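The lines below spell out each chain.
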Amino acid sequence: MAGEQAVRRSGVDTSSLNILVVDDEEIMRNMVKDVLLDAGYNVYAAASGLEALEEFKKREFSIVVTDIRMPGMDGVQVTQKFKSLDSNVCVIAITGYASIQSAVAILKEGAYDYINKPFDIDDIKVVISRAAERQSLLKQAREKEKFEQLSIIDGLTELYNRRYFDEMTA
């Protein structure tokens, strides 16, 4: 029911998005995961940055929710790694140690948004919903570009077709 509401509200099929939650605190990781599962998303969890990278090798993620302060690989490093592997991944940072410096650092690395702990459940739902809508729009734009190219390039020769030349001379 909640998943259906998420699809109706935003127009995004939540079940088509994979989300990875990365947090070294098991309680926080499971709470965020449960909230997103209830909203109809496909949610996976990792207890560390290295574990998150292993998950990323197994499947494609549209959204990554990561804590900033973690032992080993912190959230800034997680963001750097994920953005280098897939520039379209939407990273959302969560931290209980909020500062302007940490927010600026993670946003400079390409994070989409920043949430302070403790947060209201509705806050995370709204941020994830906006990120999901962004990812859906990016996917639609990529598909449109692909189909536009297919409409003017001959599949066999990979040269421009007659339609392209007709449009260029019109």
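Values in this document were obtained by computation on a predicted structure and should not be read as measured data.

Enquirer: Would you mind showing me how to read empty space enclosed by the protein here?
Expert: One water molecule sets the probe size; rolling that probe over the atoms shows where empty space is left. Summed over all chains, the structure comprises one cavity of 30 Å³ or more. Each pocket or cavity is described by its volume, and for the largest cavity that value is around 40 Å³. Those elements that place two or more of their residues in the lining of the largest cavity are strand 1 (18-22) and strand 3 (63-67). In terms of residue count, strand 3 provides more of the lining of the largest cavity than any other element does, three residues in total. Split into classes, the residues belonging to the lining of the largest cavity amount to five nonpolar, one polar and two charged.

Enquirer: Explanation requested: the sheet that holds strand 4 (residues 90-95) in the structure shown.
Expert: Whether parallel or antiparallel, the strands of a sheet pair through hydrogen bonds between backbone atoms. The five strands are arranged 2-1-3-4-5 in an open sheet whose pairing can be described as parallel. Strands with a single pairing partner mark the edges of an open sheet, and in this sheet they are strand 2 (42-46) and strand 5 (113-116). Each adjacent strand pair in this sheet contributes to an overall mean axis angle of 20°, direction not counted. Contacts from helix 4 (residues 75-85) reach strand 1, strand 3 and strand 4, with the element oriented near 160° to strand 3.

Enquirer: Any chance you could explain the nonpolar core here in plain terms?
Expert: Side chains of a nonpolar character, in soluble globular proteins, are inclined to be buried together. Leu-36, Tyr-41, Ile-63, Ile-92, Ile-124 and Ile-128 are the most contacted members of the largest nonpolar core, which totals 22 residues. Beyond its immediate chain neighbours, meaning those up to four positions away, Ile-124 contacts Val-32, Val-35, Ile-94, Ile-115 and Phe-119. Residues Val-22, Ala-46, Met-73 and Tyr-114 belong to the second largest nonpolar core, which totals 21 residues.

Enquirer: Looking at this model, I keep getting lost on the environment of Ser-87. Mind explaining?
Expert: Mapped onto the elements, Ser-87 comes out in the loop between helix 4 and strand 4. C-alpha of Ser-87 to C-alpha of Val-35: the two residues are 52 residues apart in sequence and 26 Å apart in space.

Enquirer: Please clarify how the packing of aromatic side chains should be interpreted in this entry.
Expert: Each aromatic ring pair is specified by the distance between its two centres and by the angle formed by the two planes. Tallying each qualifying case throughout the model produces three aromatic pairs. The interplanar angle of 80° and the centroid separation of 5.6 Å between the aromatic rings of Tyr-44 and Phe-61 together place this pair among those described as edge-to-face. Highlighted residues: Tyr-44 in strand 2 and Phe-61 in the loop between helix 3 (49-58) and strand 3, separated in sequence by 17 residues. Residue class for Phe-61 comes out buried when judged on its relative accessible area of 1%. Pairing Phe-56 with Phe-82 gives two aromatic rings, centres 4.6 Å apart and planes at 75°, and the pair type is edge-to-face.

Definitions and cut-offs
- Residues numbered from 1 in each chain as written.
- Predicted model: local features only at pLDDT ≥ 70, side-chain atom pairs only at ≥ 80, totals over all residues.
- Heavy atoms only, no water.
- 1 Å grid on protein atoms, 1.4 Å probe; cavity = no way out; pocket = protein on both sides within 12 Å on 5 of 7 lines; lining within 4 Å.
- Points joined across faces, edges and corners; volume = space filled by probe spheres on them.
- Helix = DSSP H or I, 4+ residues; strand = E, 2+ residues; numbered from the N terminus.
- Nonpolar A, V, L, I, M, F, W, Y, C, P; charged D, E, K, R; others polar.
- Pairing = 2+ DSSP bridges.
- Axes fitted to C-alpha atoms, helices over the stretch in contact; angles between N-to-C directions.
- Contact = heavy atoms within 4.5 Å.
- Core = buried A, V, L, I, M, F, W, Y, C linked by side-chain atoms within 4.5 Å.
- Buried < 20%, exposed > 50% of the residue type's maximum accessible area, 1.4 Å probe, protein only.
- Phe/Tyr/Trp six-rings, centres within 6.5 Å; stacked < 30°, edge-to-face > 60°.

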